[in-house]
Amino acid sequence: MTLSYDWLALGAAACWAVTGLLSAPQARHLGAFAFTRWRMGLVFLMLLPLVVASGGWQTLSWASFGVLAFSGLIGIFVGDTALFASMNRLGPRRTGVLFATHACFSALLGYAVLDERMGAQALLGGALVVGGVMMAVALGAHKNESHALEVTRGHWPLGVALGLLAALCQALGSLIAKPIMASGVDPVTATVVRVGATCVAHLMLLWAGVGVARTQNALSLHVLAWVALSGMIGMGLGMSLILLALRHGDVGMVGILSSVSPVLVLPLLWWHLGRPPARGAWWGAALTVFGTSLVLVR
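This text gives an overview of the structure that appears in the document. (Residues numbered from 1 in each chain as written. Predicted model: local features only at pLDDT ≥ 70, side-chain atom pairs only at ≥ 80, totals over all residues. Heavy atoms only, no water.)

This part covers helix α6 (residues 156-182). The terminal C-alpha atoms of α6 lie 39 Å apart, and with 27 residues this matches the ideal 39 Å at 1.5 Å per residue to within 8%. Remark: the principal bend of α6, roughly 30 degrees, maps to I176, with a proline, P179, within the next four residues. Following α6 by one or two positions, G184 has its phi on the positive side, about 105 degrees. (Helix = DSSP H or I, 4+ residues; strand = E, 2+ residues; numbered from the N terminus. Expected span 1.5 Å × (residues − 1). Bend = angle between axes of the 7 residues up to and from the residue.)

So, about the environment of C15. Residue placement: C15 occurs in helix α1 (residues 2-30). Using a relative accessible area of 9% as the deciding quantity, one classes C15 as buried. Separated by 226 residues in sequence, C15 and L241 place their C-alpha atoms 9.4 Å apart. In contact with C15, not counting residues within four places along its chain, are I233, L237, G238 and L241. (Buried < 20%, exposed > 50% of the residue type's maximum accessible area, 1.4 Å probe, protein only. Contact = heavy atoms within 4.5 Å.)

Between its terminal C-alpha atoms helix α7 (residues 187-207) stretches 30 Å, which fits the 30 Å expected from 21 residues at 1.5 Å a residue. Note on α7: the residue one or two positions beyond its end, G209, has a positive phi of about 80 degrees.

A cluster of nonpolar side chains, M135, L139 and W283, forms an exposed patch at the surface whose accessible area comes to about 330 Å². Residue placement: W283 occurs in helix α12 (residues 279-296). (Patch = residues over 30% accessible without salt bridge, like charges linked within 9 Å, V, L, I, M, F, W, Y side chains within 5 Å. Areas by Shrake-Rupley, 256 points an atom, 1.4 Å probe, with all protein chains shown as cover. Salt bridge = Lys/Arg side-chain N within 4 Å of Asp/Glu carboxyl O.)

Time to look at the nonpolar core. Grouped together as the largest cluster of nonpolar side chains are 55 residues, with contacts concentrated most on L68, V195, M235, I242, L243 and L246. When residues in this core are grouped by element, the largest group, eight residues, is from α1. Discounting chain neighbours no more than four positions away, the residues touching V195 are M40, V43, F44, I76 and M235. In terms of nonpolar packing, the next biggest core, distinct from the first, is built from 19 residues, A27, L42, L83 and A166 among them. (Core = buried A, V, L, I, M, F, W, Y, C linked by side-chain atoms within 4.5 Å.)

It is worth spelling out the pattern of salt bridges at this point. Per the stated rule, a full pass over the model turns up two salt bridges. The residue D80 makes a salt bridge to R39 at a minimum N-O spacing of 3.2 Å. Of this pair, D80 sits in helix α3 (residues 62-99) while R39 sits in helix α2 (residues 32-54), placing them 41 residues apart in sequence. For the pair D80 and R39, one class covers both residues: buried.

All right, on to the state of the cysteines then. Following the criterion strictly, the structure yields zero disulfides and no others. With no disulfide of its own, C169 lies closest to C104 among cysteine sulfurs, the gap being 16 Å. With no disulfide of its own, C199 lies 17 Å from the sulfur of C169, the closest cysteine sulfur. (Disulfide = S-S within 2.5 Å.)

Turning to its location among the elements, S4 is positioned in helix α1. Judged by its relative accessible area of 37%, S4 is partly exposed. When the C-alpha positions of S4 and R194 are compared, they lie 24 Å apart, and in sequence the two are 190 residues distant.

This is how it looks when you write it as C-alpha cells:
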C-alpha cells in the first residue's frame, strides 16, 4: 500500500517536469500573475464538470471545503505565483534548485507538526534525493549557456527569495491538506476547491487594479492552448496525484519523492535544446535515482 502512494508522488513529479518546460515561455509572455490566473481558471473549468458528473463533491464537507480552500491560497495562489515569478527572473533551472528545498520543508514540517518519523534508510535516501536534485540542476548547464530558458532577468536576490517562498508554500499547502485527504475526500474534488479558491483570489487582485496582476502581453489562442495543456497536466493530473498520495503517505515522504521533477526534466531539455545536459547533471541524476531507490524499498 505504501509503495503505491510513493509511485503517485513520482507520477506527480513527472507531470511537473513536463509542465515546467511548457510553462516557462507562457509565464514569461503573460507575466506570473496573469499566467497563474488563466492556468487556474482553465483547470477549474475543465475539472468542474468531472466532479459534478462523478459525484465527488459528496465527499466534501463545509469544514473540509474551508481547509482545502486555505491550502490552495497558500500552496497555489502564493506558491505558484512566487514560483513562476522566480522562474521569470532566474530561469527554470536555477528556480528548480530553490524549489527542490520544498522536500526539506515538507520533512521538517511533517516532523514538527504531524510527528512523522523516518527510518534511517528513508532519511538517507531522502537526503540523497534532495542533494542529487540540487546537483543535477545546479550543474546541468554548459559553460556560457545563453538560451532563452536560462537567461537571468531582473534582480536575482528577489528571484532567490521568491523561489524559496514557493518551496515553503508548497510544503505548507501539503501539510494543511494532509488531514483532509486522510479523511477520504476525492482528490479531483479537492483539486477543484484549491484551484477555485486561487482563481477567486487572482480575480480580486485584478479587479482591485493591482498592476502586476494585469496581462503583460496579448493573449492569443496559441498561448491559451499551451496554458490549458500546462494546467491540465501540472494541476489537473499532477496535483490530484499529490493529494491522493497524501491520503496515506507522509507529508515528508511525498515531498521528497515529488521533488525529483528537475531531474526528470533533464531528458526533456536534451530533446528541446538538441544537446545533452552537462556531465554534472548526470552525476546528480544518478545520486537522485539511488536515493529514490532507497526510499522506495524502505
